[in-house]
Amino acid sequence: MKVYFTTTAKGSHPHAAPHLIELGKKAIQSEFNQRYSLATASNDADLIIYVEPWYIKHRQYVFTLLSEDLIINSPNRCFVMDCADTSWGLMPGVYIGLRASQTNRRRFRSGGYLTEYNPLGDEVFIRKKDIEPKLLFSFRGYVSSPARLKIFESNFSRDDIVINRTYEWCNHSDEQKLFYTEELINSKFVLCPGGNCPASIRLFETMKMGRVPVILSDDWVAPDGPNWLDFSIRVSESKIDELPEIIQSYEAQAFTMGNLAREAWEKWFSPDRIYINMLNYIESIYLERDSNHDEKKYQEEWLSWKFQWVRGWTPWQRATRVLRRQILKISVSQEKQ
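Residues numbered from 1 in each chain as written. Predicted model: local features only at pLDDT ≥ 70, side-chain atom pairs only at ≥ 80, totals over all residues. Heavy atoms only, no water.

Trainee: Please explain the overall build of the protein chain as it appears in this structure.
Mentor: Counting its regular elements, the protein chain contains 14 helices and 11 strands. For 337 residues, the compact-globule formula gives about 20 Å, and the C-alpha radius of gyration of the protein chain, at 21 Å, lands near that figure. Within the protein chain, buried positions represent 50% of all 337 residues. Contacts in the protein chain between residues far apart in sequence, at least 24 positions, make up 70% of those at least 6 positions apart. Per element, the accessible surface of the protein chain, about 17,200 Å² overall, is 51% carbon and sulfur. (Helix = DSSP H or I, 4+ residues; strand = E, 2+ residues; numbered from the N terminus. Rg over C-alpha atoms; globule rule 2.2 N^0.38 Å. Buried < 20%, exposed > 50% of the residue type's maximum accessible area, 1.4 Å probe, protein only. Contact = heavy atoms within 4.5 Å. Areas by Shrake-Rupley, 256 points an atom, 1.4 Å probe, with all protein chains shown as cover.)

Trainee: How should I be thinking about the packing of aromatic side chains in this particular structure?
Mentor: Each aromatic ring pair is summarised here by two numbers: the centre-to-centre distance and the angle between the ring planes. Under the counting rule described, the total for this entry stands at 13 aromatic pairs. Arranged with centres 6.2 Å apart and planes meeting at 80 degrees, the rings of F79 and Y286 form a pair that is edge-to-face. Residue F79 is found in strand β4 (residues 78-82), and its partner Y286 is found in helix α11 (residues 274-287); the two are separated by 207 residues along the sequence. The exposure class assigned to Y286 is partly exposed, which follows from its relative accessible area of 27%. Ring geometry for W220 against W228: centres 5.3 Å apart, planes inclined by 90 degrees, an arrangement best described as edge-to-face. The exposure class of W220 is buried, given its relative accessible area of 6%. Taken together, the ring pairs connect Y113, F204, W220, W228, F231 and F269 into an aromatic cluster. Residue placement shows R107 over the ring face of Y298; its charged tip is 3.9 Å from the ring centre. Of note, R165 hangs over the ring of F152, and the distance from its end group to the ring centre comes to 5.9 Å. (Phe/Tyr/Trp six-rings, centres within 6.5 Å; stacked < 30°, edge-to-face > 60°. Lys NZ or Arg CZ within 6 Å of the ring centre and 35° of its normal.)

Trainee: Would you mind going over the side chain of T86 with me for this structure?
Mentor: In this structure, T86 sits in the loop between β4 and β5 (93-95). A distance of 3.1 Å separates a polar atom in the side chain of T86 from the backbone nitrogen of K57. Excluding residues within four positions of it along the chain, T86 makes contact with I56 and K57. (Polar contact = N/O pair within 3.5 Å; in protein donor to acceptor, adjacent residues only side chain to side chain.)

Trainee: Please clarify how a positive patch on the surface should be interpreted in this entry.
Mentor: Together, R318, R321, R324 and R325 make up a region of like positive charge exposed at the surface. Along the chain, R325 turns up in helix α14 (residues 315-336). On the accessibility criterion, R325 (46% relative accessible area) is partly exposed. (Patch = residues over 30% accessible without salt bridge, like charges linked within 9 Å, V, L, I, M, F, W, Y side chains within 5 Å. Salt bridge = Lys/Arg side-chain N within 4 Å of Asp/Glu carboxyl O. Lys, Arg positive; Asp, Glu negative; His and termini not counted. Charge placed at Lys NZ, Arg CZ, Asp CG, Glu CD.)

Trainee: Where do I start with the pattern of salt bridges in this structure?
Mentor: Side-chain pairs of opposite charge can arise whenever the charged atoms involved come near each other. Applying the stated rule across the entire model yields 17 salt bridges. The partner of K10 in a salt bridge is E68, and the shortest N-O contact between them spans 3.0 Å. On the criterion of sequence distance, the pair formed by K10 in the loop between β1 (2-6) and α1 (18-28) and E68 in the loop between α2 (60-66) and α3 (69-73) is long-range, its members being 58 residues apart. Connected through shared salt-bridge partners, R105, R109, D224 and E288 make up one network.

Trainee: Would you mind going over the packing of helix α7 (residues 201-208) against helix α10 (residues 254-269) with me for this structure?
Mentor: Angle between the axes and distance between the axes: these two values describe a pair of packed helices. Viewed as axis vectors pointing N to C, α7 and α10 meet at an angle of 115 degrees, and their least axial separation amounts to 7 Å. Contact residues: F204, M207 and K208 in α7; A261, R262, A264, W265 and F269 in α10. (Axes fitted to C-alpha atoms, helices over the stretch in contact; angles between N-to-C directions.)

Trainee: How should the nonpolar core be read in this particular structure?
Mentor: Membership of the largest hydrophobic core comes to 48 residues, with the highest contact counts inside it found for F5, I49, L114, M207, W228 and L279. What W228 contacts, discounting residues up to four positions off in sequence, is L203, F204, M207, I215, W220, A222, P223 and F269. (Core = buried A, V, L, I, M, F, W, Y, C linked by side-chain atoms within 4.5 Å.)

Trainee: Got a minute to help me understand the side chain of S232 in this structure?
Mentor: The topology assignment puts S232 in the loop between α8 (228-231) and β11 (233-234). A polar side-chain atom of S232 sits 2.6 Å from the main-chain carbonyl oxygen of W228. Not counting residues within four places of it along the chain, the set of residues in contact with S232 comprises V212, P213, I215 and M257.

Below, the structure is given as structure tokens:
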């Protein structure tokens, strides 16, 4: 399979991330790849992969895609790897923000993050991987979902449980990142609720640290490959108040599950492996298609009223969303005071 990487975030685009494409090329040239080769031009490629940065996509993104020559002229070969919190169900491919309601294996797969937000994890893991965690479980994060708010409002009242609310979002200092990472490795279990989307980068950071993720996201779609039941606990958001009892029932297995979590991270989501695994997901979509597949039919739906209503893009829905954000900002500001 010949692969050609590109992106809509080119040149002076505020979120242009050429290093994402370079990471993909490096992965294909690595020892872990036995299947794919780089195409020197899009015309020679079996798969054209749009590697899209993590910025949140809005309604205008439809027109961005429809202005791309490759998407217009070679729609059946075009796919996406997108690490954004949003997943609107546009191009076929791999998404972090895929929701259970969007499950459609003919078009989409759930994936992992192509890059790491907190690179300090490597050093902390090497230095402290053999310590005995003192905390039963922990969570440190921003209020960006009802599940997170419920965690902060719960009174677990145990000395070996640490819950800390933060007010930064993607602007943490190195000191804050280090403190967070050391808290992860000092925890047997780590709460991993969804945030702005069902997925959380914390899930993969927890696996990297060799600790057990407790997945609190009813709408999250687990990526194919890992045996998630071996190394993670999935708890309904409705049972957040019961977390101490639920997690304690797994405490004797924490060490084994943590090691399996690290092994799964290394095999499926580490920088050496993740690109190839995401390509495998995309290839499976491509190969499982009907012979008469026509991607242009899906593109025509993107501009329909029904498509926009389901995704909350109508003027009324957008105005309501803006109002809710303003109320949340006022609430957070009052709490900080």
